[in-house]
Amino acid sequence: MSDARTQLAEQLAEAVFQALNDDLEHQENALLVVSGGSTPVPFFKALAAKPLPWERVEITLADERWVDDQSDDSNAKLVREHLLQGAAAAAHFEPLTSEAGTPEEGVSDVSERALSLSWPASVVILGMGGDGHTASLFPDSLELGLALATEEPLVAVRTPSQPQPRITFSADRLHQARRHILHITGDDKRAVLAKALSGDDMRQLPIRAFLSCPLAIYWAP
Ligand SMILES: O=C1O[C@H](COP(=O)(O)O)[C@@H](O)[C@H](O)[C@H]1O
């Protein structure tokens, strides 16, 4: 891990710590929506070390692969192993999977649980892939149009470029937050973001659905 990425993770953890603390001054619980993938691991570790009243913090994911929660592909496993550690284990974590065999069968149960969280979220932290996807809003998702337009909280998605079916919060639900942050690293993602900023077709680069939020960008080489 480069020094710049470690520093970025620390700065992001401090900003999220401040945001949750600020909101917890005037509400009982505060919701943090995090992304999976490889980028957030140092941020998760840095945030877990912060002195928050963790039992009042709710955490969920922007999206999930429909896999067993012990699978290395599970974003929930990533959160459990790197964020819900030490004092942060007291946070209420709401995963996005269920016992159902497919996301289409499970989406209504997961939605019911997700709707019981403290919306609007204090912070939604988005990641971005090299194809401009964010959460599981992929350019080639068969349900991309639905996920961009629906007022339902969650959508089951099938994506030809991805090995597993997934579930994702809809763009509408991810918009329901006090603060939006994009956490990305590397020159390739900087170039994708620059391309996204120079156009407006969300189906080509779904991250564009969040470029008018406003969106705080945390980037390091
Ligand atoms: O598939 C996913 O990828 C993106 C980006 O992941 P990264 O490994 O390039 O950081 C992530 O934001 C999303 O939550 C995840 O499901």
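Look above for the structure.
Residues numbered from 1 in each chain as written. Predicted model: local features only at pLDDT ≥ 70, side-chain atom pairs only at ≥ 80, totals over all residues. Heavy atoms only, no water.

1. A closer look at the side chain of Ser136
Moving on, step 1. As for its placement among the helices and strands, Ser136 is situated in the loop between β5 (121-126) and α5 (144-149).
Moving on, step 2. In terms of polar contacts, Ser136 uses its side chain to reach the side chain of Asp63, at 2.6 Å.
Moving on, step 3. Residues contacting Ser136, with those up to four places away along its chain left out, are Asp63, Ser141, Val157, Arg166, Ile167 and Thr168. (Helix = DSSP H or I, 4+ residues; strand = E, 2+ residues; numbered from the N terminus. Polar contact = N/O pair within 3.5 Å; in protein donor to acceptor, adjacent residues only side chain to side chain. Contact = heavy atoms within 4.5 Å.)

2. Digging into the site of the ligand
Moving on, step 1. What surrounds the ligand is a group of 14 residues, the closest being Gly36, Ser38, Thr39, Asp63 and Lys189.
Moving on, step 2. With respect to the ligand, the side chain of Asn75 contributes an N or O atom lying 3.3 Å from an oxygen atom.
Moving on, step 3. Take Arg166: an N or O atom from its side chain is 3.0 Å from an oxygen atom of the ligand.
Moving on, step 4. When the ligand is considered free in solution it has 400 Å² of accessible area, and contact with the protein chains removes 88% of it.
Moving on, step 5. Most atoms of the ligand, that is more than half of them, are within 2 Å of grid points of the largest pocket.
Moving on, step 6. Here the shell around the ligand is built from residues that sort into two nonpolar, eight polar and four charged. (Near = heavy atom within 4 Å. Areas by Shrake-Rupley, 256 points an atom, 1.4 Å probe, with all protein chains shown as cover. 1 Å grid on protein atoms, 1.4 Å probe; cavity = no way out; pocket = protein on both sides within 12 Å on 5 of 7 lines; lining within 4 Å. Sits in = over half its atoms within 2 Å of the grid points. Nonpolar A, V, L, I, M, F, W, Y, C, P; charged D, E, K, R; others polar.)

3. Some points on the side chain of Gln27
Moving on, step 1. Position of Gln27 among the secondary structure elements: in the loop between α1 (3-24) and β1 (30-34).
Moving on, step 2. Of the polar contacts made by the side chain of Gln27, one reaches the side chain of Arg178; its length is 3.2 Å.

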